[in-house]
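# Survey of secondary and tertiary structure
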Amino acid sequence: MPNMRIVLLAVLLVIFSATFLIWGLSGRIWFILELRAVKLSALIVVGCAVGVSTVLFQTISGNRILTPSIMGFDALFILIQTMLVFMLGGFGYTQLPQLAVFGGEIAAMVLASLALFTLIHRRSRHDLQMLILVGVIFGLMFRSMASFLQRVMDPSEFAVVQGAMFASFGGIDRVELLLAGTTIMLLSVGILRWASLCDVVALGRGPAQSLGVNYNAVERRLLIVITVLVSCATALVGPITFLGLLAASLAHALMRTHRHILLLPAAAMIAAIILVAGQALFERVLGLQSTLAVVVEFAGGVLFLILLIQGKIR
Amino acid sequence: MISIEALNHAAGTTQILHDITLTIPRGGLTALIGPNGAGKSTLLNLIAAQADVQSGRISVDDLDVATTPRTQLAQRMAVVAQRSDIASRLTVGDLVEFGRWPHSKGRLTPYDRAIASHALEVFDLTNLSHRFLDEISGGQRQRAFVAMAYTQQTDWLMLDEPLNNLDIRHARGLMGELARLVREENRSIVIVLHDLNHAAAWADHVVALDAGRVAFSGAPDQVLTAEALSTLYNAPIQTHMIDGRKVILHHR
C-alpha cells in the first residue's frame, strides 16, 4: 500500500523534527526553541523544493540520474555572490540590504533560465537534451568565471565568498524564509493538481502527445516551476541541489509507482527528513565541524549505495 | 476520410516528402508500404500530429490536424509509434490504462478499467498485466502499446510497423484483430507494413511510397503486381495465387 508509506514518511518527518527541536534543550528554552523552529522550517521548505524539483526534472528529461543542478543554478548563484564581493569588497557586501540581494538572486536565476528556455525553444524545438547541454556549458562558464574572480580577489574577501558557497542553515533571515517558504509550499502543493498530467508526460513526448497532451506547453510550465523552486531554495540557504538525486531515487525505490501524486510528496518528505537528520547530526554530534553538505552526501551516499547493491533502486 | 493536400516535409535540408496529395478512405484497413527511407513513418507521424506540418494540409474527417487541439485529436485518433522507450517504471496494466487518459484525464471510472482489462484480454496480455515493461520481451511490449492505443477507443488507429518483434501467432492475431475492428466496429486503421503478405492478406487499401512520393495506391488485388512491387523495392518480386490468395515471394 503506497499510501501507508506516505503516512510512514510523514510520521518519520514529525519524529525527526520533534527530536531536532528538543534534543539537548536547556537554558533559555523559548529563545532556543524559536531559533530552532526557524531553522527547522527552512530545512523542511528547502527539502520540499529540492525533492519536488528533482522529480519533475527527471520526469521531463526522462532520465533518472539528472538533477536541476546540471543546469548550472548553483554556478550562477556562486558567480553572483563572487561578483558582489569582488565589486563591493567584503565589507560592502555585508552592508548590502539582504532582502534586495535575495530578491535579486532569485530574479537573476529565473530570468537567466527563462532566457535559456526561450532561446533553445526558438532555435531547435522539441529538444530538451540540447537545453540541458547548453545549461551544462553555461554552468561551466559561470563556474570558471567565479573561480577566476576568486583567484584574483583578496584572501579575506575570498573567505566571505567561501561562506556563501556551501549551503548553510545558520542565520536564516525570517522575512526571506517567509517569502521563499510561501512560494515553495504554494508551488509544491499546487503542482499536485498536475500530478496525473505528470504521469502522462513521463511516458515521453510521443506517447504523451498521442494521448492529447500539449507537450511543449506543459514542458515549459514545468521548467518554470522547477526554476522557481530551485532559485528560491538556493537563494535562501545556498547551493543544495546535491540532495535531489538521493531524494528522488529513494522516493522511486520506496514508493515503487509511476504516480506523481505519491512520488512528489514522498521525494519532498524524504529530502526534508535527510536535511533535518543531517543538520541535527552536524550540530549536535559533529559540533558544527565540516559542512551539512558533507554530512548529507556521506550518509546519503552510503545509503544510496546500500540500496543500489540490494537492488532496491533501479 | 483522411485527406492530404500538397504535403511537403523536410528534415533539415533533406526533403522527405514531395508534394503528396492523397486520400485514405474511412472504414478500412490501409497499409502504407515502401522501401526504407520512403517517408512512411514521416507521413504517419504528420497525420497523427506527432510532428508539425511544414507546408500543405492534412485533415482527419472534419478536423484540420494542424489547428485542432490535441485533446480533441486524441479522442479521434490513437497512435502506436515505431519505437517507444519509456523511462518510468510501468506495469503493462498501467500502460494500457493510460489509453483512457484522453477521456478520463487520470480519473479512471469502472468503465475505463473494464475497457482496459478487455484490451489486455484481446491482445493476450492478461497474464503479463503486473509485469514491468522493462521485464518483458520486445514483442510483448509492442503488443502492450497496441493495447494502449486500442483502449483509447478512437475512430482512427495509426500503427507504425506494429508487427516488429511479433512472432507468427501474435502477428497474425494482431492483424486479425485489426481487421475485426474495421469490419465489426467500423474503425479506420492506417498501418505501416513491411510484410507484403500481411498487406495482401488483410489490407483493404494500399498506399505505396517511394522516395517521398506516392508510387501507387488502390485495392491490394489490383495494385500489388509483380512489376509494380519489383520497381518499388528495386528487387525481383513474384506474385502467385495459392488457394485464391495472393502470395508474394521475394526471398531469393
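In this text the structure is predicted, and so the values were computed from the model without any measurement. (Residues numbered from 1 in each chain as written. Chains lettered and ligands numbered in written order. Predicted model: local features only at pLDDT ≥ 70, side-chain atom pairs only at ≥ 80, totals over all residues. Heavy atoms only, no water.)

## Brief notes about the packing of aromatic side chains
Residues and elements named next belong to chain A. Filter applied, for reference: Working definition: rings of Phe, Tyr and Trp (its six-membered ring) pair if their centres are within 6.5 Å, and the pair is stacked with planes under 30 degrees apart, edge-to-face with planes over 60 apart, and tilted otherwise. Strands here mean DSSP runs of E at least two residues long; helices mean DSSP runs of H or I at least four residues long; both are numbered from the N terminus. Each residue is placed in one exposure class: buried if its accessible area under a 1.4 Å probe, protein chains only, is under 20% of its type's maximum, exposed if it is over 50%, and partly exposed if it falls in between.
Enumeration over the complete set of coordinates arrives at two aromatic pairs over all chains. Judged by centre distance (5.9 Å) and plane angle (45°), the rings of F138 and F142 are tilted. In this pair, F138 and F142 both sit in helix 5 (residues 128-152), four residues apart, roughly one turn of the helix. With a relative accessible area of 15%, F142 lands in the buried category.

## Side note on the pattern of salt bridges
Residues and elements named next belong to chain A. Worth spelling out the cut-off: Salt bridges are identified by distance alone: a Lys or Arg side-chain nitrogen within 4 Å of an Asp or Glu carboxyl oxygen.
Enumeration according to the criterion identifies 16 salt bridges over all chains in this entry. Among the salt bridges present, the one from E34 reaches R174, with a minimum N-O distance of 2.6 Å. Taken as a pair, E34 in helix 2 (residues 29-61) and R174 in helix 7 (residues 174-190) lie far apart in primary sequence, 140 residues in all. The partner of K39 in a salt bridge is E283, with the nearest N and O atoms 2.6 Å apart.

## Details of a nonpolar patch on the surface
Residue and element names in this part refer to chain A. Spelled out, the test is: Residues form patches when they are more than 30% accessible in relative terms and have no salt bridge. Like charges link within 9 Å. Nonpolar side chains (Val, Leu, Ile, Met, Phe, Trp, Tyr) link within 5 Å. Here the open area of atoms and residues is found with the Shrake-Rupley method and a 1.4 Å probe, where only the protein chains shown may cover a residue.
Taken together, the side chains of M83, F86, M87, L88, F148 and V152 present a nonpolar region at the surface, about 590 Å² in accessible area. For the nonpolar patch, the elements supplying multiple residues, two or more each, are helix 3 (73-95) and helix 5. The element contributing the most residues to the nonpolar patch is helix 3, with four residues. Position of V152 relative to the elements: it lies in helix 5.

## A short note on the UniProt feature "transmembrane region" (unreviewed entry) in chain A
All names here are of chain A. Here is the rule: UniProt positions are given in the numbering used here, feature names are shortened, and annotations may be inferred rather than shown by experiment.
Mapped onto this structure's residue numbering, the UniProt feature "transmembrane region" (unreviewed entry) falls at residues 40-60, 72-93, 99-119, 131-149, 184-203, 223-249, 261-282 and 288-309. Between the C-alpha atoms that bound residues 40-60 the distance is 30 Å, and the span itself is 100% helix and 0% strand. Secondary structure over residues 131-149 splits into 100% helix and 0% strand, and the C-alpha atoms at its two ends are 27 Å apart.

## Some remarks on the pairing of strand 4 (residues 55-60) of chain B
Residues and elements named next belong to chain B. Note the following rule: Note on pairing: two strands pair once DSSP finds at least 2 bridges between them.
Where strand 1 (residues 2-11) and strand 4 come together, five bridges link them in antiparallel fashion. Looking at strand 4, one finds that I2 is bridged to V60. The antiparallel pairing of strand 4 with strand 5 (residues 63-64) creates a hairpin that spans two residues between the two strands, and D61 there sits at a positive phi of about 50°.

## Thoughts on the sheet that holds strand 2 (residues 14-24) of chain B
All names here are of chain B. Quick note on the threshold: Should any heavy atoms of two residues lie within 4.5 Å, those residues are considered in contact. Under this scheme, a helix contributes an axis fitted over its contacting stretch, all axes are lines through C-alpha atoms, and angles between N-to-C directions fall in the 0 to 180 degree range.
Pairing is antiparallel in the open sheet, where four strands are placed in the order 2-1-4-5. Bordering the open sheet on either side are strand 2 and strand 5, each of which pairs with just one other strand. Relative to strand 2, strand 1 is paired through seven bridges, and the arrangement is antiparallel. Across the sheet, A10 pairs through a bridge with Q15, a residue of strand 2. Taken strand by strand, helix 1 (residues 40-47) contacts strand 1, strand 2 and strand 4, and its axis lies near 120° from that of strand 1.

## Considering the UniProt feature "domain: ABC transporter" (unreviewed entry) in chain B
Here, UniProt's "domain: ABC transporter" (unreviewed entry) annotation points to residues 2-236 of chain B. Annotated as 37% helix and 26% strand, the span residues 2-236 of chain B places its first and last C-alpha atoms 33 Å apart.

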